[in-house]
Amino acid sequence: MEIDGLKSVAQDKPLLVLPNHPAMVDPMLVGVTFWKTPLKPLSDELFFHTGIVAPWVLKTLGAVAVPDLRKHRTAKGATIARGLGDIVKSTLEDGGNVIFYPSGHIQTESEHEDIGTRQLAYNMCGDLPENVRVIGVRTRGLWGSIWSRKGRKTSPSFVPTFIKSVFLWFFWAPFVPRRRVTMHVEDMTDRVKEWSKLTRLEFNRKLEEWYNAE
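Each residue is numbered by its place in its chain's sequence as written, counting from 1. Owing to the predicted nature of the model, reporting of local features is limited to residues with pLDDT of at least 70; listing and counting of side-chain atom pairs is limited to 80 or more, with chain, interface and lining totals taken over all residues. Hydrogens and water are ignored here; the side-chain numbers use all heavy atoms of the structure.

Draft legend 1. Spotlight on the environment of Trp-210. The residue Trp-210 is located in helix H7 (residues 200-211) in this model. In this structure, the C-alpha to C-alpha distance between Trp-210 and Gly-136, residues 74 residues apart in sequence, is 8.8 Å. Residues within four places of Trp-210 in sequence aside, it is in contact with Gly-136, Val-137, Arg-138, His-184, Glu-186, Met-188, Arg-191 and Trp-195. Reaching out from Trp-210, the side chain makes a polar contact with the side chain of Glu-186 at a distance of 3.4 Å. A run of H or I in DSSP counts as a helix once it spans at least four residues, and a run of E counts as a strand once it spans at least two, with each numbered from the N terminus. Contacts are assigned to residue pairs with any non-hydrogen atoms lying within 4.5 Å of each other. Any N or O atom pair separated by 3.5 Å or less is treated as a polar contact, with the protein-specific requirement of one donor-capable and one acceptor-capable atom, and with residues adjacent in sequence counted only for side-chain atom pairs.

Here it is as structure tokens:
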């Protein structure tokens, strides 16, 4: 795995980290990359109730559950969703670091980030607390791996995929070329502040263009 741009990021200030989401494994890769800077994640509420490992990890990290409004179109769910921005802002104002995915889901059809009409990134970048730095993370090379949704209708299950990856690591990976994975890290604070003056859809298109750049 190749990482560039990390040294230019000032990690002595509160960080709002906005990565693209090509596969199930990239949150772990981003977490390892920012191991000196604990990041508080937002996560789909489904993972708080799926299996044993995922709920334990999310609770350990202090993750915030995000309701899936496509399945829970209730007044309570909508209220929680609107309150996420307040939670993120409060954490940043207290000096904490937050990571969330503007698209809200892993890539589903190709190695292309699709944010759609989601608004959390737009709202946060238009109302950033003082001294907060917005960090973009663009990961490439994971599409087509066993951790991605290529050829699947649903996201891969974590535990079976992890066991399979360990097996492949010992018995198959030593004999084949390694997958080339790159991660580009960039301070985008000034850029997203300018983009936030546009409409929400225009902001999302600008962010998508950055994630999908060659």
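Draft legend 2. Up close: the environment of Leu-58. Within the secondary structure layout, Leu-58 lies in helix H2 (residues 53-60). We classify Leu-58 as buried; its relative accessible area is 12%. Taking C-alpha positions, Leu-58 is 8.0 Å from Pro-41, a pair spaced 17 residues apart along the chain. In this structure, Leu-58 is in contact with Ser-43, Phe-47, Phe-48 and Ala-63, ignoring residues within four places of it in sequence. Note on exposure labels: buried denotes an accessible area under 20% of the residue type's maximum, exposed denotes more than 50%, and partly exposed covers the range between, all computed with a 1.4 Å probe on protein chains only.

Draft legend 3. The arrangement of the sheet that holds strand S4 (residues 64-66) in detail. Pairing between strands is defined by DSSP: at least two bridges between them are needed. With mixed pairing, the 7 strands of this open sheet are ordered in space as S1-S7-S6-S2-S5-S3-S4. Sheet topology places strand S1 (2-4) and S4 at the edges, where each strand pairs with a single neighbour. Lines fitted to C-alpha atoms define the axes here, with helix axes fitted over just the stretch in contact, and angles between the N-to-C directions of these axes take values from 0 to 180 degrees. Helix H1 (residues 26-33) rests against S1, strand S2 (15-19), strand S5 (98-99), strand S6 (133-140) and strand S7 (182-187) of the sheet, and its axis sits at about 55° to S7.

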